[in-house]
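The residues making up each chain are set out below.
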Amino acid sequence: MDLKKRLLGNTLVEVSELGFGGAPIGAVGSRITDELAESIVESAWNGGIRYFDTAPLYGHGLSEKRLGHSLSSYPREEFALSTKIGRLLVSRDRGTRFQGMLDDEPVAIQYDYSGDAVRKSIESSLERLGLDRVDILLCHDIDAWTHGDDQPQIYEAAAKGALPALHRLREEGVVQAIGLGVNESAVCSRVMREFDPNCFLLAGRFTLLEQEPLDEMLPLCLAKNVSVVIGGPYNSGLLANAERRRATYDYKPAPDDLWDKAQSIRRVCDSHSVDMRAAALQYPLRHEAVASVIPGMWSLEEVAMNLSFVQEDIPDSLWSDLAAEGLSRSW
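So, here is what we can say about the structure in this document.

The rules behind the values
- Residues numbered from 1 in each chain as written.
- Predicted model: local features only at pLDDT ≥ 70, side-chain atom pairs only at ≥ 80, totals over all residues.
- Heavy atoms only, no water.
- Helix = DSSP H or I, 4+ residues; strand = E, 2+ residues; numbered from the N terminus.
- Rg over C-alpha atoms; globule rule 2.2 N^0.38 Å.
- Contact = heavy atoms within 4.5 Å.
- Buried < 20%, exposed > 50% of the residue type's maximum accessible area, 1.4 Å probe, protein only.
- Pairing = 2+ DSSP bridges.
- Right-handed = clockwise from strand over helix to strand, strands pointing away.
- Arc of directions from axis to C-beta.
- Core = buried A, V, L, I, M, F, W, Y, C linked by side-chain atoms within 4.5 Å.
- Phe/Tyr/Trp six-rings, centres within 6.5 Å; stacked < 30°, edge-to-face > 60°.
- Lys NZ or Arg CZ within 6 Å of the ring centre and 35° of its normal.

Section: the overall build of the chain
Argument step 1. On a plain count of helices and strands, the chain comes out with 13 helices and 14 strands.
Argument step 2. Whereas a compact globule of 331 residues would reach a radius of gyration of roughly 20 Å, the chain reaches 19 Å, a difference of no more than 12%.
Argument step 3. Along the first, second and third principal axes, the C-alpha atoms of the chain reach 55 × 45 × 35 Å.
Argument step 4. Within the chain, counting contacts between residues at least 6 apart in sequence, those at least 24 apart form 74% of the total.

Set out below in structure tokens:
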């Protein structure tokens, strides 16, 4: 099965329109075996997925280990791989375990956005991956969504250390594309004005449920030829679950207003005989700046579901009806 591919910005890095979000295969820890994780990646590959994303954070390195081991079976020139910097893995007595990760890795997280830490991080990631290179290196979580009131200091540290270091790695040919992996658009707009990124991985903010990046970030991306990868297209579950008790938004129970909006979106999708999950997966891809959408996958069923949804035929009338009812924006 072949999936469409798109280039990232002005680079030669090509990504499949549906990518593989590698966070879950690390975060779930022993809930899946290494062998099942390998089968999940194999299923994604057989379905035509050629872009895979991971980070040291995901399962405290377990995602990188599992993903790298699985991808080692395939020709390196046939896929694109991204990982992230900003969190070093250190001994448990020197760092903090990230809540929500179910792994048993004997390490913890230590934030470090210095220039020296960038090289330490990529070297450690390559060791865990067991691969000779990554194509895309992203500065992870320098947004207020992650750091709250401490974000100005975090950004300043990254602007003096990590971001210039990423530029140097690109100039040296160590990586081909650089950018951010974040949960809000404002910091992406700022980085485009102050630096020279190729791409952003934006999680949960340009979805069928919310489109604030249309105001500033996405027009700026088009003007500067910067591509966007969309993570969290289901808003961490709200756009994928019909059961109220299972619906989450930003990994927390969904508030009533967003639940109600999601059900209104579902009603319009149902009227066109379209699964809302298919609409959620395809909506961001309609924007010219978006190169790929990467839902997290940790089961064979999720891989098959996402492959089916990204290829489902959706009538233009669905998008116009959603816009007419004020449920989503067009451009």
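What follows picks up the thread again.
Quick look at the pairing of strand E5 (residues 80–85)
Argument step 1. A large share of E5 lies buried, amounting to 6 of its 6 residues.
Argument step 2. Where burial is concerned, the two faces of E5 agree: the one with Ala80, Ser82 and Lys84 and the one with Leu81, Thr83 and Ile85 are both buried.
Argument step 3. Note: strand E4 (residues 51–53) against E5, 3 bridges, orientation parallel. Among the inter-strand pairings, Asp53 is bridged to a residue of E5, identified as Ser82.
Argument step 4. With helix H3 (residues 62–71) bridging E4 and its parallel neighbour E5, the resulting β-α-β unit is right-handed.
Argument step 5. Direction of pairing for E5 relative to strand E8 (residues 136–140): parallel, over a ladder of 4 bridges. Of the residues in E8, the one forming a bridge with Lys84 is Leu138.

Concerning the environment of Thr33
Argument step 1. When you line up the elements, Thr33 lands in the loop between helix H1 (23–27) and helix H2 (34–46).
Argument step 2. Separated by 16 residues in the primary sequence, Thr33 and Ile49 have C-alpha atoms spaced 21 Å apart.

What about helix H12 (residues 300–310)?
Given 3.6 residues to a turn, an α-helix orients residues that are three or four positions apart in the same direction.
Argument step 1. Listed as buried for H12 are Val303, Asn306, Leu307, Phe309 and Val310. With its buried residues spanning 165 degrees around the axis, H12 presents them on a single face.
Argument step 2. Summarising the contacts, the buried residues of H12 are in contact with strand E3 (20–21), H2 and helix H11 (276–282).

Concerning the nonpolar core
Argument step 1. Ranked by size, the top nonpolar core spans 90 residues in total, and within it Phe20, Phe52, Cys139, Ile142, Leu180 and Leu208 carry the most contacts.
Argument step 2. Those residues in contact with Phe52, other than ones at most four positions away along the chain, are Phe20, Val41, Ala44, Trp45, Leu67, Leu71, Phe79, Ala80, Leu81 and Ser82.
Argument step 3. By size, the runner-up hydrophobic cluster in this structure holds 13 residues, among which are Leu8, Ile136, Val229 and Ile294.

Details of unusual backbone geometry
Argument step 1. For Asn235, which is not glycine, the phi torsion reads 50 degrees and is therefore positive.
Argument step 2. Residue position: Asn235 is located in the loop between strand E11 (227–231) and strand E12 (248–249).
Argument step 3. With relative accessibility at 1%, the residue Asn235 sits in the buried group.
Argument step 4. Despite not being glycine, Ser236 shows a phi value in the positive range, around 60 degrees.

Concerning the packing of aromatic side chains
Argument step 1. A full pass over the atoms with the stated rule returns 10 aromatic pairs.
Argument step 2. Consider the rings of Phe52 and Phe79, whose centres lie 6.2 Å apart with planes at 90 degrees: the pair is edge-to-face. Here Phe52 is found in strand E4, whereas its partner Phe79 is found in the loop between H3 and E5, with 27 residues between them in sequence. Here the two residues Phe52 and Phe79 agree in accessibility, since each one is buried.
Argument step 3. Residues Phe206 and Trp331 carry aromatic rings whose centres are separated by 5.8 Å and whose planes lie at 55 degrees to one another, so their mutual orientation is tilted. A residue pair is termed long-range when its members are at least 10 positions apart, and Phe206 in the loop between strand E10 (199–203) and helix H9 (217–224) and Trp331 in the segment after helix H13 (316–324) qualify at 125 residues.
Argument step 4. The partly exposed category is assigned to Trp331, whose relative accessible area is 45%.
Argument step 5. Here the aromatic residues Phe20, Trp45, Phe52, Tyr74 and Phe79 are joined through ring pairs into a cluster of three or more.
Argument step 6. When the ring centre of Trp45 is taken as origin, the NZ or CZ atom of Arg50, which lies over that ring, is 3.6 Å away.
Argument step 7. The ring of Trp331 has Arg286 lying over it, and the distance from NZ or CZ to the ring centre is 5.5 Å.

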